[in-house]
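# Reading the structure
Each chain, written out:
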Amino acid sequence: MTSEDPAWVPEACTLPTVDRPLRLAEFDDLFANALREQQRLSPTALRWHLAPAAEATARDLTGRETSCCSFFSFTFAADGPLLQLNVEVPAAHVDVLDALAARAAATVAA
């Protein structure tokens, strides 16, 4: 499964299928405009360092994501000049985190 393959979205996700490409585009936009670094903390957790100006956008996006994919846990913290966003999932949803991390990594590498 890849992040381009809709099969990586779990059945637990209640976001209508038609809206999923739009949500991915929102994450891609956040990554392209604000992501400065990504760290994989464990198989079930990663950390993004974002430009502080993106805080409102990131909070809105992650709030909406949690409402349709309740298995996600997003926590924010200040980290020097950057905004830290920790993302965690249960072990059953590591493939979803892997796909999201791959999308973010592709943006950071670009």
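Note: the structure precedes this text.
Residues numbered from 1 in each chain as written. Predicted model: local features only at pLDDT ≥ 70, side-chain atom pairs only at ≥ 80, totals over all residues. Heavy atoms only, no water.

### Here we look at the sheet that holds strand β2 (residues 45-50)
Put simply, the rule is: Here, any two strands with at least 2 DSSP bridges between them count as paired. Here a strand is any run of E in DSSP of at least two residues, a helix any run of H or I of at least four, and the numbering for each starts at the N terminus. In this description, a line fitted to the C-alpha atoms serves as the axis of each element, helices being fitted only across the stretch in contact, and the angle between N-to-C directions of two axes falls anywhere from 0 to 180 degrees. Should any heavy atoms of two residues lie within 4.5 Å, those residues are considered in contact.
An order of β1-β2-β4-β3 is seen for the four strands of this open sheet, with the pairing classed as antiparallel. Every interior strand has two partners, whereas the edge strands, β1 (35-42) and β3 (73-79), have only one. Pairs of neighbouring strands in the sheet enclose a mean axial angle of 20°, with direction left out of account. Where helix α1 (residues 20-34) meets the sheet, its contacts fall on β1 and β2, and the angle it forms with β1 comes to roughly 115°. Sitting on the sheet, helix α2 (residues 55-68) touches β2, β3 and β4 (82-88), and the angle it makes with β3 is about 165°.

### Remarks on the environment of A53
To keep it simple, the criterion reads: Exposure is judged per residue with a 1.4 Å probe applied to protein chains only, and the accessible area is read against the type maximum: over 50% gives exposed, under 20% gives buried, and values in between give partly exposed.
Looking at where A53 falls in the secondary structure, it is placed in the loop between β2 and α2. Under the relative-accessibility criterion, A53 is labelled exposed at 78%. For the pair formed by A53 and N33, sequence separation is 20 residues and the distance between their alpha carbons is 9.8 Å.

### Side note on the packing of aromatic side chains
Remark: the centre distance and the inter-plane angle together describe each pair of aromatic rings, the angle taken between the planes. For the record, the criterion: Geometry of aromatic contacts follows a simple scheme: Phe, Tyr and Trp rings, the Trp one being its six-membered ring, pair when their centres are within 6.5 Å, and the pair is stacked under 30 degrees between planes, edge-to-face over 60, tilted otherwise. Only Lys NZ and Arg CZ are tested; either one counts as a charge over a ring when it is within 6 Å of the ring centre and within 35 degrees of the ring normal.
One pass over the structure, following the stated rule, counts five aromatic pairs. Aromatic side chains F72 and F74 sit 5.1 Å apart centroid to centroid with 25° between the ring planes, which places their arrangement in the stacked category. Like F72, the residue F74 is buried in the burial classification. Connected via pairs of aromatic rings, a cluster forms that spans F27, F31 and W48. Sitting above the plane of the F76 ring, R59 keeps its charged end 4.3 Å from the centroid.

### Considerations on the side chain of H49
Within the secondary structure, H49 is located in strand β2. For H49, a relative accessible area of 5% gives the class buried. Sequence-distant contacts of H49, that is, excluding residues within four places in its chain, are made with A34, L35, R36, E37, Q39, D79, L82, L83 and Q84.

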